[in-house]
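Chain residues, written in single-letter form:
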Amino acid sequence: MIRIGVDYYPEHWDRSSWAKDIALMKQTGVTTVRIAEFAWGLMEPIEGNFDFGWLDDIIKMLGDAGIEIILGTPTNCAPLWLYRNYPETLSVERDGTRTATGLRGHRCMESPLFRKYAARIIGEMTKRYAKNLHVIAWQIDNELGANHCCCPVCAAKFREYLKARHGSLEALNHAWGADVWSGEISDWEQITPPVGQLYSYNWYNPGYLLDFHRWAEQSTTGYIQFEIDELRKAVPKKIPITTNACFAQHSMDFHQSYVALDVAAYDNYPETIYPDDPEAVYTTAAALDLMRGVKRKNFWIMEQLSGPFGCWSAMKPMPRPGQIEGYGLQCIAHGADMVLYWRWHAAIKGAETFCQGLIDHSGVPGRRFEEFAHFCKRLQSLDWLDGTVVKSPVAILYGATQMDAFSIQTQSEGFDYWEQLKRWQNAFGGLGVNTDIIHETADLSGYKVVVVPSHFVTNPVTVQNITSFVMNGGTVILTPRTGVKDEDNGCLLAPLPGAFAELAGCTVEEYDPIGKRDVGIDWAGENLTATVWCDVLRPTTGRALAAYTTEFYAGKPAIVENTFCSGTVLSAGVCGKKPLLRKLAKAALDSQQVKYWDTLPEGVQCTTRESADGSVKGRFLFNETAQIQSFVLAGESITLAPCEMKIDRI
Amino acid sequence: MIRIGVDYYPEHWDRSSWAKDIALMKQTGVTTVRIAEFAWGLMEPIEGNFDFGWLDDIIKMLGDAGIEIILGTPTNCAPLWLYRNYPETLSVERDGTRTATGLRGHRCMESPLFRKYAARIIGEMTKRYAKNLHVIAWQIDNELGANHCCCPVCAAKFREYLKARHGSLEALNHAWGADVWSGEISDWEQITPPVGQLYSYNWYNPGYLLDFHRWAEQSTTGYIQFEIDELRKAVPKKIPITTNACFAQHSMDFHQSYVALDVAAYDNYPETIYPDDPEAVYTTAAALDLMRGVKRKNFWIMEQLSGPFGCWSAMKPMPRPGQIEGYGLQCIAHGADMVLYWRWHAAIKGAETFCQGLIDHSGVPGRRFEEFAHFCKRLQSLDWLDGTVVKSPVAILYGATQMDAFSIQTQSEGFDYWEQLKRWQNAFGGLGVNTDIIHETADLSGYKVVVVPSHFVTNPVTVQNITSFVMNGGTVILTPRTGVKDEDNGCLLAPLPGAFAELAGCTVEEYDPIGKRDVGIDWAGENLTATVWCDVLRPTTGRALAAYTTEFYAGKPAIVENTFCSGTVLSAGVCGKKPLLRKLAKAALDSQQVKYWDTLPEGVQCTTRESADGSVKGRFLFNETAQIQSFVLAGESITLAPCEMKIDRI
Amino acid sequence: MIRIGVDYYPEHWDRSSWAKDIALMKQTGVTTVRIAEFAWGLMEPIEGNFDFGWLDDIIKMLGDAGIEIILGTPTNCAPLWLYRNYPETLSVERDGTRTATGLRGHRCMESPLFRKYAARIIGEMTKRYAKNLHVIAWQIDNELGANHCCCPVCAAKFREYLKARHGSLEALNHAWGADVWSGEISDWEQITPPVGQLYSYNWYNPGYLLDFHRWAEQSTTGYIQFEIDELRKAVPKKIPITTNACFAQHSMDFHQSYVALDVAAYDNYPETIYPDDPEAVYTTAAALDLMRGVKRKNFWIMEQLSGPFGCWSAMKPMPRPGQIEGYGLQCIAHGADMVLYWRWHAAIKGAETFCQGLIDHSGVPGRRFEEFAHFCKRLQSLDWLDGTVVKSPVAILYGATQMDAFSIQTQSEGFDYWEQLKRWQNAFGGLGVNTDIIHETADLSGYKVVVVPSHFVTNPVTVQNITSFVMNGGTVILTPRTGVKDEDNGCLLAPLPGAFAELAGCTVEEYDPIGKRDVGIDWAGENLTATVWCDVLRPTTGRALAAYTTEFYAGKPAIVENTFCSGTVLSAGVCGKKPLLRKLAKAALDSQQVKYWDTLPEGVQCTTRESADGSVKGRFLFNETAQIQSFVLAGESITLAPCEMKIDRI
């Protein structure tokens, strides 16, 4: 069953409205709601005094109406009394001061005292609801990020991590190159998190920072495990536990964090107004493919756009007609089996007052709600999708380590690791080809084409996997800044792309970080454009496919193709603009005789879901532009309104 | 008598120059000077040791020359020894540290110790000068703002304020919606001013912040009362006491602060170079109308532009020819009965060295001084204006609470509450119609048209007043973001414009915060443009006057007119550009048969002053543009040079 | 001998590579390397335990190969153990906290404890290497700036400085105008460095800040003297000691710092991509002329661009073909007798990993290395330049005090003191005329033309020198913001240009800080353009050469020429764009019958070196543009590739 529903905050509304809310949910087609993830203060208003009456009631009312419940552990926001009574439960910011209360997520995830209280509230919740039949899943905390806390507890944990990773100070100093600028560590206690006035990460030792990022991600994974352990003391195995991911400044390492969880969940907030720049890739399709790729199975949307952001900054334009339904279906098209809209009602108090819900402050359901209701109805006719999954001939590799390393050392103005992945997903999705965005160490069997965007910090497993994949006949696309670093974030002493050079059949003669400038490329007579970075390639066993037409390296190779055993490697020395990426994607697909649609307009993507045995197959055509798009697909003339999703059982 | 003069700092100049200065003042036509507001250090160079010799002398010299004196209490800048000896007299910044000395206004207004010293210096001054016949008024402190100090004393005062306002923690928690993110207060001591790393106000609970702003404004009012009390121990009732207001990041609540004062005074620093954008409203006319509206009587200019700012940043271009005189007359046109230019001499030391005076550093009076002298002479021929006041058929409502609430929660990119008021003043002033900018709870009798710009936080008195006003036949203009909030800054659970919906004869079907994008409007065949915000209106008893022509709500009403009892309500769903505002202003005036001039070019405003009995009336025509403007007014061809003011007794 | 070489960090590379490195250096033509300036941690890994084995070895290996060595004292970066064991050796930032370790230069230069350890490590080094025949010079610390430390030790030193400078608190208060805003100092202990939240310098008393800058520069000079003293305990007099200057936020006062040093050295990092704006002056020629002017003799380049910056921010585009060699020769053309490229190898660890070296991370010498090798070869044919120097008919005056004062009080948007100097150098250099940039108090004998750009803080020695120079028949160019201040950074009470008014034959009637606006100038029928600042001049004994054509002062003089005794003074009231500066430069040269080339295209400069007796003379023609430039010089048709340097013995 594909679930649909909302995030619901009954605790902020008069109890008299609950029955009306639930009746409207039921009538609209809501199957599932998430509740309680911020309500610790109401559950434990005074230290050790618990009040679950209100939660008992709402769970019963929802359950009686046949609505499934996902319960959140409320550990993102401990009650204010905890922070005021025990300030050591607050995290420490990079300026060395305790996190100011007033927002959310103030708690230090590693604080033993915080964990004591967190375990107790989780225990109280599970005591009551673990066996409740209406509670179909648990969500841990909220939108967890890597734990960048700089408190003494975390400092000590960070040092423990370093001891375990490097063994000795000698090894640590060597790994970091700590002797640069006389930074040798001679006592473990000399090491702290990056606290102080050096707010730009570019100023620190990159080995040190990468280890700190790794520790911060591991700390969050440990925190998730702590909550899983507390929940599983009472929650039966068949009830899934998840947490809701989002992209933020310091995202957690999704592939590490979700390992012990039962399902991946994502908070999806796409754009409401599309940028004018035709080169912009604004779709969240890549994020959805990543979330599906994390556990390589269908996933959930725990929060879906209902209105524009309007809390941390000015309100943005409202979702345009079609976006409430279209974006929901886009999630399903990419493998979501549940879509919960954030949120039922717009909040009337608190900092997120103007982050809209499906129902406005007025309480009168309007255009956005009607569209949600239409989506609920439409979903009922899509029950043949139950059990279908997304099968992809193309994999795009992702690593949190790469994300971290690029955030530590900016390579060129305009260079953005995640942006590169989005552009590759867009290139393939625009050809109607499904892509899995998977971890860089994942098994590659079954794929035809693997894209390796900027594999900066060399992971030996990736090198091995990619080599095997090519030897077994696969096609690989390599891009700039690949094979640059060792695992300690030091530069490798070898011609680029380092460990991939033999596979690539070329080396980088020199490079030019051109930033936001453009560079011309000639590919078999076609004039193309790239930007941000230029590797001047020197073929060894490979042959040049395309050459620069501008800058002092005009005439030199920009793209090289190499045949290695029975496989093919396409090395791109540049960050291509859309036509260049599309041409590369087609070349890769052609090399593997993978079929694609070459008639989709830019901004229209086509994906498919199918049953394990292939007997059921659905095709999703989504127009993610603000214009009507008309085109011919397989002989059929198709016209799609802005944000219209066409679903065909094929 | 309309007074003219300067702000004068004899203490920074060699005593030998005083007589020459005074002679030149007298010869030029100066009637009044303000002195002493920063000279505490010279009055009390050592704790408890007073030296008033220099002040006795200059007061005597000025008085002997027949020049009136306004004395400032020097409490804005306590001597450095006070801060160094008693650091608790320094205010605390939002980062939690004591305010760094070196600038000015470092003192905590609530500090009991500071007040002890402040009372003593005021006592010493009044002991000497309270009965001095040449001292015609006192100014309290300097450019006071709302007291955003975060020190422990202020924290305690803030808590007292909250106790008085909300009564109980239960009520407080409910008012703020503190249960959002588990922020429930369980002990008053848990509450602090907004100190910490959350520098963006958008991150805090809006109920909490609005109460903090209210407290900060009340604290300043209390500080003013403290100084009034100290002054009135000796200063006779007939001698007026004022303070000099300015617009700044955290302005005081003018309507609250001026209640106990005898006259409102303003520091007026208009632009010297006008922006190229034809939509920009750069005039300070609205500020002048507000200052007059604060006490609904004529006001004073305590500081008037003599040269460009040049201290906190690079020097700006010099006042253009006409601006010294023209801007001074503009103040009078809007009801000023005194204009003091800041300052006589440019400073030769200190951080404000390049904030110019009428006389340059050279000591040689130049172009700007000559223009000032010309103004002084011209004023002597305007004695028939004595006793005249500004009478306005139009009121524009203002509330510091709205200003605060919008600063806490930005509604849309480009939305600015005060900017909206300026635009409405400009629309009416450009039609030759006087406007009073008055408090949102002020009595509305006597007005024909009332503009209610973005009455965001619903004030029941305003609702009552506006309703009565319309029922009695008045015309009201409503604009976006009206009726959104309750008095605790929570959202109201009703269709917008909330408490005004019946009056408006329409509700807001949905809204779209379009930010800096433009939207088209068709009003009876005329194509107009609006921006920033779009309310899609749904008429109930009203009728659509204008409809959107762009976005997905094209064809839906943008402006609705409603007849309510014998009155008229015009509801604008948008922030109009100039032609739209002008058309709305004309529609409102037409509905009340108020006459206006439709031939004034943009940038030319016309205002009037008249005697109580109407026997004397003056018309002021001011060209606030950089171009010569020619136009016909009542059959007369008029040409005005840039910044020329034409004054006619009519 | 003109030396060429590299900065070398053998300590970060495997010892096995040393021999290969040295062989390649030797083969390429490297004569000199700088080493060891950041290696304290390796020399003293544990407090008091020294390890010089590695340094002994590399020095021996280099020496054996006949490569000269410059040794750096490693005091810029003390070992981490020093800071952790003795936090008081860390400097204090403007926010009052100890400098965060992790970058470099953390040490407080005044800390007695730091100096104790610094003296010891210098002693250990000199004990070993002072008499080493291969060590041809010593470099002190690294890229020293003015010491803006805010620690208690520095606060006390600053107070001592003020006592010595002003004698009494009374004098100090008067000098600063401390009575403005009641800031009178009544106890020396009340004075601190500018620590606190007032991050904008524009907010402080300018007299106080200028004295702090002066102290900070003197502190650095004292620190240099401390190291000289420690070095000279063992280093023979014939071995020169220097330090490597760079321009930074708080540069040291070069003229003061280099006095006790034997030679000036500079770190030269020119642009790789030129801005599109034709008005931009991007050449580092002025910096080179300043470095030569500091001691008025040939200088060294201690660090020269090998690749783009890529550590504190994104990597920039790579040096274009010709820039490695061309920029190196440009240094020589301006008087450098040594050019060391920073650095041999790109770093593989640490924050500067992507600040490239001549050899890329790959270890494979590429295009940039080949160009360096070509330069080494070419230099061998230029041995006839040995002993030649640059002789200039034109001097441009510079003062660190002016730089400081303008950084304290921004005069106009776009006004930049150093930018003005660069523009003047560019004007003369583009006419093929050598310029010395010398201290504002330097002896002027021998020059024909002296440019005095914005002599803001009046130095009596400068006034005397300039007056004598003009009286003796010289030509002087004066520019805006001259003669404004006294030495305490207070404004002078006299018509501008103050002490220069009689020389100028004009005064400033008024001024207009127009910022980034343009103003038109008519000079004998030629239409020219200026910007940033407009002095409206009033000739006294002078005559107007050019007048404004725009703004309200159109028709009034913008440039005035005055004959004073047998000399000429050209006063420019504006910051001219390039054609205006060129015309002014030509007028000045014409007045002295100095010959120049009027056929060089913009961006091409011509300079000369010659032997003392004039028997040897070389002419350097450098195309510092991205285009090929063709022109005729003295009848010869010349074509220069981008960054090509043509050298002729003439």
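Further up the page is the structure itself.
A brief look at the structure comes next. Everything numeric in this text was worked out from a predicted model, so none of it was measured.

So, the sheet that holds strand β7 (residues 265–268) of chain A
The strands making up a sheet are joined through hydrogen bonds of the backbone, oriented either antiparallel or parallel.
Residue and element names in this part refer to chain A.
(1) Moving on: The 9 strands are arranged β5-β4-β3-β2-β1-β9-β8-β7-β6 in an open sheet whose pairing can be described as parallel. Each of the sheet's edge strands pairs with one partner strand only, and the pair in question is β5 (241–242) and β6 (244–245).
(2) Moving on: Sheet strands touched by helix α10 (residues 285–295): β6, β7 and β8 (299–305). Its angle to β7, the strand with the most contacts, is close to 170°.

Some words on the relation of the copies chain A and chain B
(1) Moving on: Between chain A and chain B, the superposition needs a rotation of 120° and an axial shift of 0.1 Å, giving an RMSD of 0.1 Å. The operation mapping one copy onto its partner corresponds to a three-fold rotation axis. Judged by C-alpha distance, D95 of chain A is the residue of chain A that lies nearest the rotation axis, at 6.1 Å.

Considerations on the interface of chain A and chain C
(1) Moving on: Contacts between the two partners involve 51 residues from chain A, matched on the other side by 49 residues from chain C.
(2) Moving on: Summing both sides of the interface, chain A and chain C together bury roughly 3800 Å²; the carbon and sulfur share of this comes to 57%.
(3) Moving on: It is W181, S182 and Q197 of chain A in chain A that bury the most area against chain C; as a group they hold 21% of the surface buried on that side.
(4) Moving on: Put simply, chain A and chain C have 3 salt bridges between them.
(5) Moving on: For the salt bridge of R320 of chain C with D512 of chain A, the shortest nitrogen-to-oxygen distance reads 2.7 Å.
(6) Moving on: Our count for the chain A to chain C interface comes out at 19 residue pairs in polar contact (both at pLDDT 80 or more).
(7) Moving on: Elements represented by at least two residues in the side of chain A that touches chain C include exactly α7 (169–176) and β14 (506–523) of chain A.
(8) Moving on: Top element by residues in the side of chain A that touches chain C is β14 of chain A. It accounts for 6 residues.
(9) Moving on: The residue makeup of the side of chain A that touches chain C, split by class, is 23 nonpolar, 17 polar and 11 charged.

Looking at the environment of H334 of chain B
Residues and elements named next belong to chain B.
(1) Moving on: Considering the arrangement of structural elements, one finds H334 in the loop between α11 (323–333) and β9 (336–342).
(2) Moving on: Sequence separation between H334 and I59 is 275 residues; the distance between their C-alpha atoms is 31 Å.
(3) Moving on: The residues touching H334, leaving out its near neighbours within four places in the chain, are A285, L288, D289, R292, F299, V390, Q425, Q605 and T607.

Observations concerning the pattern of salt bridges
(1) Moving on: Overall, the coordinates contain 135 salt bridges over all chains when judged by the stated rule.
(2) Moving on: Between R619 of chain B and D648 of chain B there is a salt bridge, and its shortest N-O distance comes to 3.5 Å. Within this pair, whereas R619 of chain B is found in strand β21 (residues 617–623), its partner D648 of chain B is found in strand β24 (residues 645–649), the two being separated by 29 residues in sequence. No difference in accessibility class separates R619 of chain B from D648 of chain B, as the two residues are buried.
(3) Moving on: Counted as one network, the salt bridges with shared partners bring together D7, R34, E37 and E303 of chain A.

Digging into the side chain of D141 of chain B
(1) Moving on: Turning to its location among the elements, D141 of chain B is positioned in the loop between β4 (135–139) and α6 (152–166).
(2) Moving on: Excluding residues within four positions of it along the chain, D141 of chain B makes contact with E37, T73, T75, N76, R107, Y223, E227 and N244 of chain B.

Remarks on the interface of chain A and chain B
(1) Moving on: Tallying the contact residues gives 49 residues for chain A and 51 residues for chain B.
(2) Moving on: Here chain A and chain B share an interface that buries about 3800 Å² over both sides, 57% of which is from carbon and sulfur atoms.
(3) Moving on: Considering only the surface of chain A that becomes buried against chain B, M315, K349 and F354 of chain A emerge as the three largest contributors, covering 17% of it.
(4) Moving on: In this assembly, chain A and chain B are joined by 3 salt bridges.
(5) Moving on: Here chain A and chain B share 19 residue pairs in polar contact (both at pLDDT 80 or more) between them.
(6) Moving on: When contributions to the side of chain A that touches chain B are tallied by element, the ones reaching two or more residues are α2 (40–43), α4 (80–85) and α12 (367–380) of chain A.
(7) Moving on: Here the residues of the side of chain A that touches chain B sort into 25 nonpolar, 12 polar and 12 charged.

Digging into α6 of chain B
Residue and element names in this part refer to chain B.
(1) Moving on: For α6, which comprises 15 residues, the first-to-last C-alpha distance of 21 Å matches the rise-based estimate of 21 Å (1.5 Å per residue) to within 8%.
(2) Moving on: Listed as buried for α6 are C154, A155, F158, R159, Y161, L162 and H166. In an axial view of α6, the angular spread of the buried residues amounts to 160°, which keeps them on one side of the axis. Turned more than 90 degrees off the buried face of α6, the exposed positions are P152 and A164.
(3) Moving on: Looking at the buried side of α6, the elements it contacts are α7 (169–176) and α8 (206–232).
(4) Moving on: Directly beyond the C-terminal end of α6, a positive phi value near 85° is found at G167.

A word on the packing of aromatic side chains
(1) Moving on: What the rule picks out here adds up to 100 aromatic pairs over all chains.
(2) Moving on: Plain terms: the ring middles of F406 of chain B and F456 of chain B are 4.4 Å apart, the flat faces sit at 25° to each other, and that makes the pair stacked. Pair noted here: F406 of chain B is in helix α13 (residues 400–408) and F456 of chain B is in the loop between β12 (449–452) and α15 (460–471), with a separation of 50 residues, a long-range link.
(3) Moving on: Cluster of aromatic residues (ring-pair linked, three or more members): F247, F254, Y266, Y398, F406, F415, Y417, W418 and F456 of chain A together with F354 of chain C.
(4) Moving on: Above the ring of W523 of chain A, the side-chain terminus of K583 of chain A is found at 5.1 Å from the ring centroid.

Comments concerning the nonpolar core
(1) Moving on: Membership of the largest hydrophobic core comes to 214 residues, with the highest contact counts inside it found for I35 and L55 of chain C.
(2) Moving on: A per-element tally of this core places helix α8 (residues 206–232) of chain C first, with 11 residues.
(3) Moving on: Contacts of L55 of chain C, omitting those with residues within four sequence positions, involve I35, A36, M43, M125 and Y129 of chain C.
(4) Moving on: If you look at the next biggest cluster of nonpolar residues, it comprises 213 residues, including I122, C154, W176 and I241 of chain B.

A word on a negative patch on the surface
(1) Moving on: On the surface, D95 of chain A, D95 of chain B together with E93 and D95 of chain C cluster together to form a negatively charged patch.
(2) Moving on: When you line up the elements, D95 of chain B lands in the loop between α4 (80–85) and α5 (112–129).
(3) Moving on: The class of D95 of chain B is partly exposed, set by a relative accessible area of 35%.

Re the sheet that holds strand β7 (residues 265–268) of chain C
(1) Moving on: The 9 strands are arranged β5-β4-β3-β2-β1-β9-β8-β7-β6 (chain C) in an open sheet whose pairing can be described as parallel. What marks the edges here is a single partner per strand, and that holds for β5 (241–242) and β6 (244–245) of chain C.

Comments concerning the environment of L290 of chain A
Residue and element names in this part refer to chain A.
(1) Moving on: Secondary-structure assignment places L290 in helix α10.
(2) Moving on: The exposure class of L290 is buried, given its relative accessible area of 0%.
(3) Moving on: Between the alpha carbons of L290 and H334 there is a distance of 9.7 Å; along the sequence they are 44 residues apart.
(4) Moving on: Among all residues touching L290, those that are not within four sequence positions of it are F247, F254, H255, Y398, W418 and I437.

Calculation notes
- Residues numbered from 1 in each chain as written.
- Chains lettered and ligands numbered in written order.
- Predicted model: local features only at pLDDT ≥ 70, side-chain atom pairs only at ≥ 80, totals over all residues.
- Heavy atoms only, no water.
- Pairing = 2+ DSSP bridges.
- Helix = DSSP H or I, 4+ residues; strand = E, 2+ residues; numbered from the N terminus.
- Contact = heavy atoms within 4.5 Å.
- Axes fitted to C-alpha atoms, helices over the stretch in contact; angles between N-to-C directions.
- Least-squares fit on C-alpha atoms with pLDDT ≥ 70 in both.
- Buried area = accessible area lost by both parts, 1.4 Å probe.
- Salt bridge = Lys/Arg side-chain N within 4 Å of Asp/Glu carboxyl O.
- Polar contact = N/O pair within 3.5 Å; in protein donor to acceptor, adjacent residues only side chain to side chain.
- Nonpolar A, V, L, I, M, F, W, Y, C, P; charged D, E, K, R; others polar.
- Buried < 20%, exposed > 50% of the residue type's maximum accessible area, 1.4 Å probe, protein only.
- Expected span 1.5 Å × (residues − 1).
- Arc of directions from axis to C-beta.
- Phe/Tyr/Trp six-rings, centres within 6.5 Å; stacked < 30°, edge-to-face > 60°.
- Lys NZ or Arg CZ within 6 Å of the ring centre and 35° of its normal.
- Core = buried A, V, L, I, M, F, W, Y, C linked by side-chain atoms within 4.5 Å.
- Patch = residues over 30% accessible without salt bridge, like charges linked within 9 Å, V, L, I, M, F, W, Y side chains within 5 Å.
- Areas by Shrake-Rupley, 256 points an atom, 1.4 Å probe, with all protein chains shown as cover.
- Lys, Arg positive; Asp, Glu negative; His and termini not counted.
- Charge placed at Lys NZ, Arg CZ, Asp CG, Glu CD.

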